[in-house]
Every structure is written in C-alpha cells, then in structure tokens.
Amino acid sequence: MCPSPQVPFVPFTPALSPESAARAFYETVRHRRSVRFFSDAPVSEGTIRLCIAAAGSAPSGANKQPWRFVAVRDPALKRAIRLAAEAEEREFYERRATPEWLADLAPLGTDPDKPFLEIAPWLIVVFKLVKTDPDETGKQGKTYYADESVGIAAGLLIAAIHHAGLVTLTHTPSPMSFLSTVLGRPAHERPFLLLPVGHPGEGATVPDIHRKSLEEIMLVR
Ligand code: IYR
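Cut-offs used in this document
- Residues numbered from 1 in each chain as written.
- Predicted model: local features only at pLDDT ≥ 70, side-chain atom pairs only at ≥ 80, totals over all residues.
- Heavy atoms only, no water.
- Near = heavy atom within 4 Å.
- Polar contact = N/O pair within 3.5 Å; in protein donor to acceptor, adjacent residues only side chain to side chain.
- Areas by Shrake-Rupley, 256 points an atom, 1.4 Å probe, with all protein chains shown as cover.
- Helix = DSSP H or I, 4+ residues; strand = E, 2+ residues; numbered from the N terminus.
- Phe/Tyr/Trp six-rings, centres within 6.5 Å; stacked < 30°, edge-to-face > 60°.
- Buried < 20%, exposed > 50% of the residue type's maximum accessible area, 1.4 Å probe, protein only.
- Arc of directions from axis to C-beta.
- Contact = heavy atoms within 4.5 Å.
- Core = buried A, V, L, I, M, F, W, Y, C linked by side-chain atoms within 4.5 Å.

1. Regarding the site of the ligand
1) Next: Around the ligand, the structure places E89, F92, Y93, W101, L105, L108, T110, D111, K114, H171 and T172.
2) Next: Taking E89, its side chain carries an N or O atom lying 3.1 Å from a nitrogen atom of the ligand.
3) Next: About the coverage of the ligand: the protein hides 71% of its 380 Å² of free accessible area.
4) Next: Only α3 (75–96) and α4 (99–105) provide two or more residues apiece to the shell around the ligand.
5) Next: Of the residues forming the shell around the ligand, the biggest block, 3 residues, is contributed by α3.

Structure below.
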C-alpha cells in the first residue's frame, strides 16, 4: 500500500490578544439556549450556507471531513420529517423511555409534539459518513473518529447559528433512520443530529435551568 503524498505546509497566523478574544467569544456563547419555540420568519439560504461552512471548518480524523449537511426548507419534506419524528417520539415517551429518563427530562418540559419541525424555516440534518464518498471509480475509503469529528462540526454549527442571532436545538429522534429514507441519502451516511433553525417565536421561553460553574467542570494541575 502506498502512503499518501506529503502536502505542502503554509504559514499559520494565530489571533492577537487571546484573553480578550476568549472573553468576547464566551460572552457570545454563554447566552446560547436550546429554544423549542420558533417563528416562521424566513432566514436566507446565504445565512444557512455560511453557518454550514463554519461547521465544515471543523477538525476531523485524517481530514476526512466525514459529514454531510442537508438543509431542508421544502414544506412537504419538513412535514414528512415531523410526522415520522413524532411517531418515534410517541413510542419513546409512551413505551421506550425509563421512568428515570422521563424524570430527568421533566424540567425541560418536552413532549412528543414537535411543531418546530414544520414551523422553523430550515431543518439542518447532519449526517455522519461511515465511509468516504465514492471516488470516480466508485471506491470508498475509511473515515476515522467519525463521531468525534461530526460532534465537533455540530458544535461549531450550533455556535455559528447562535452567533448569527438565530436559534436551534439538538433534536435526536431515536431511531433516526427515517431521515435517510425521507431525504434519500445513501447507506454510508448515517443520521446524526437534526437542527431546526430560525428566529425565536414571539414570547419564546426557555426552562430556568443553569450551567455548572467553571469550578465544577474544570481542574488545573
Ligand atoms: N428525543 C426526545 C427526548 C429527549 C431526550 C433528551 I436526552 C433530551 O435532552 C431532550 C429530549 C425529544 O426530543 O423530546
């Protein structure tokens, strides 16, 4: 097996003033919340493209970029996704979820109804590539650390959406295979996350829950 050719190296320029830049970023992201009440006000395709471009800048195992983002705005597709997701969610809330899980979810006030899947102007469905896209000969290669890579990309996507002044939430109906069927995606792409994107609905509320303090989540050694 022949190793990949070396690529050229180019200069890398870091940001100036790391502490003030870090503070500014924190000040932005600390106001992010998962919002479940959306407005149907439009969001331009250009905005969605830029947010997905930010997500696509994520690091990935061996730079295989094992992700695909399907931006859905077609009302018929959004409806099909809502109906299939709600069917899975009803099964979850009525049968599959353990009492402990339901008790853990209670503070969030979630239920099987997911109107936001139709109201939000966009749904971004994030897929994980378990093999690379086929090359010209149809050959598919390996991806590495795909869960970590797509998770990082999804985090950047969420940060980009928030930075744009829009809202989202990470929706993970389980199982999610209906997304492959509805969106006609090939077998090497596995549904990973579903992010409705839009403006918050008028009077949107969020649960009064809090983040752990830095002391609880960080150690310095
Ligand atoms: N998928 C369900 C349940 C749910 C599970 C977790 I873990 C959450 O943090 C939130 C919801 C739903 O979307 O309602």
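The discussion continues.
2. Let's talk about the packing of aromatic side chains
1) Next: Applying the stated criterion to the full structure yields 3 aromatic pairs.
2) Next: Ring geometry for F92 versus Y93: centroids 5.0 Å apart, planes at 90°, classification edge-to-face.
3) Next: Residue class for F92 comes out buried when judged on its relative accessible area of 10%.
4) Next: Y93 gets classed as buried once you look at its relative accessible area, which sits at 18%.
5) Next: Consider the rings of F92 and W101, whose centres lie 4.8 Å apart with planes at 80°: the pair is edge-to-face.
6) Next: Looking at W101, the relative accessible area reads 46%, which means it is partly exposed.
7) Next: Cluster of aromatic residues (ring-pair linked, three or more members): F92, Y93 and W101.

3. Some points on helix α2 (residues 45–55)
1) Next: For α2, the set of buried residues is I48, C51, I52 and A55. Within α2, the buried residues cover an arc of 95° as seen down the axis, which keeps them to one side. Opposite the buried face of α2, at more than 90 degrees from it, the exposed residues are R49, L50 and A53.
2) Next: Where α2 is buried, its residues meet β1 (67–72), β2 (122–129), α6 (146–163) and β4 (189–198).

4. Considering the nonpolar core
1) Next: Formed by 23 residues in total, the largest nonpolar core has its most connected members in F69, I124, V126, L157, I161 and L195.
2) Next: Where this core is concerned, the elements lending two or more residues are α2, β1, β2, α6 and β4.
3) Next: Sorting elements by how many residues they give to this core places α6 first, with 7 residues.
4) Next: With sequence-adjacent residues up to four places away left out, I161 is seen in contact with C51, I124, L166, V167, T168, L195 and V197.
5) Next: Grouped together as the second largest cluster of nonpolar side chains are 19 residues, V70, V72, L117 and V125 included.

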